[in-house]
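Secondary and tertiary structure notes
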Amino acid sequence: MEEEKQPTGGPHFVGKKDEMIEAKHSFRTLEGRDVLIVYHQSAFYAIDSYCYHAGGTLLNGDIEEFDGKMCIICPNHKYKICLAQGEGIYKATDPREKTPVPRWYSKGVKQRIHTVTETNGDVYVKLSEDRGFIESDFYQGEKGKVERAKA
Ligand code: FES
């Protein structure tokens, strides 16, 4: 009987730095988890590849800064996800204010993020070891595939 391999979290080699920079957005499957690696303004980020809202693929999401945070915009319903923390953010007004002014609000961490490192021109991703449930977990694995197909 073949022994089942235990997940290690990595770090996993994901590509050469030059190629990752040129690609800007790279999709990788690491230990069965689909991860998006983004290069933007001299920094690498790694996040779960499917949006926490309804499983939309983030691969072609635009990157923009909102409220001082670099975010990816999900192409499906335009949710904004901060690349560094995985926070979901939105802009709204508080109707209780006398003169409502639109402000940014955080929904907290919704997207699982992973750690990117570089060594001698090679890029590595270490998967998050946070054991708590993060909403983007829902769209990973076999069950996630079914849910993404429905979305
Ligand atoms: Fe991403 Fe709805 S699936 S915003």
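Here the structure is a predicted model, which means the values were calculated and not measured.

Overall, antiparallel pairing links the 6 strands, which are arranged β1-β11-β10-β4-β3-β2 in an open sheet. At either end of the open sheet lies a strand with only one pairing partner, and these are β1 (12-16) and β2 (25-30). Strand-to-strand, the axes of this sheet are offset by a mean angle of 30°, without reference to chain direction. Where β2 lies against strand β3 (residues 33-40), 6 bridges are found, and the strand directions are antiparallel. Residue His 25 lies in a different strand from β3, and its bridge partner there is Val 38.

In any sheet, the strands associate via hydrogen bonds between backbone groups, in a parallel or an antiparallel arrangement. Strand order in the open sheet formed by 5 strands is β5-β6-β7-β8-β9, and the pairing between neighbours is antiparallel. Two strands in the sheet have a free side with no partner beyond their single neighbour: β5 (62-66) and β9 (103-109). Going across the sheet, the axis of each strand differs from the next one's by a mean of 40°, ignoring polarity. Pairing between strand β7 (residues 80-82) and strand β8 (residues 87-92): 2 bridges, direction antiparallel. Residue pairing across strands places Lys 80 opposite Ile 89, the latter belonging to β8.

Applying the stated rule across the entire model yields 6 aromatic pairs. Seen in terms of ring centroids, Phe 13 and Tyr 124 are 5.9 Å apart; in terms of plane orientation they differ by 65°. Their pairing is edge-to-face. Linking Phe 13 in strand β1 with Tyr 124 in strand β11 (residues 122-126), this pair joins segments that are 111 residues apart in sequence. The class of Tyr 124 is partly exposed, set by a relative accessible area of 22%. Measuring from ring centre to ring centre gives 5.1 Å for Phe 66 and Trp 104, while their planes differ by 50°; the resulting arrangement is tilted.

Our focus in this paragraph is unusual backbone geometry. Residues Gly 10 and Pro 11 are joined by a peptide bond in cis, for which omega reads 10°. Mapping Pro 11 onto the fold places it in the segment before β1. A positive phi angle, close to 70°, is found at Ser 42, a residue other than glycine. Following the sequence through the fold, Ser 42 ends up in the loop between β3 and β4 (43-48). In this structure Ser 42 comes out as exposed when scored by relative accessible area, which is 66%. In this structure, Asn 120 takes a positive phi of about 50° despite not being glycine. Mapped onto the elements of the fold, Asn 120 is located in the loop between β10 (113-119) and β11.

With that settled, the discussion passes to the environment of Glu 142. Mapping Glu 142 onto the fold places it in helix α2 (residues 141-150). For Glu 142, a relative accessible area of 59% translates into the label exposed. Note: C-alpha distance between Glu 142 and Gly 32 (110 residues apart in sequence) is 9.3 Å.

A few words now on the nonpolar core. Buried together is how nonpolar side chains tend to be arranged in soluble globular proteins. In this structure, Leu 58, Ile 72 and Leu 83 are the most contacted members of the largest nonpolar core, which totals 13 residues. If you list the elements that add at least two residues to this core, you get β3, β4 and β6 (69-73). Ignoring any residue separated from it by four or fewer positions in sequence, one finds Ile 72 in contact with His 25, Leu 36, Ile 47, Leu 58, Gly 61, Asp 62, Ile 63, Tyr 79, Lys 80, Ile 81 and Leu 83. Of all hydrophobic cores here, the second largest spans 12 residues; its members include Met 20, Leu 30, Ala 46 and Leu 127.

Reading the values: the criteria
Residues numbered from 1 in each chain as written. Predicted model: local features only at pLDDT ≥ 70, side-chain atom pairs only at ≥ 80, totals over all residues. Heavy atoms only, no water. Pairing = 2+ DSSP bridges. Helix = DSSP H or I, 4+ residues; strand = E, 2+ residues; numbered from the N terminus. Axes fitted to C-alpha atoms, helices over the stretch in contact; angles between N-to-C directions. Phe/Tyr/Trp six-rings, centres within 6.5 Å; stacked < 30°, edge-to-face > 60°. Buried < 20%, exposed > 50% of the residue type's maximum accessible area, 1.4 Å probe, protein only. Core = buried A, V, L, I, M, F, W, Y, C linked by side-chain atoms within 4.5 Å. Contact = heavy atoms within 4.5 Å.

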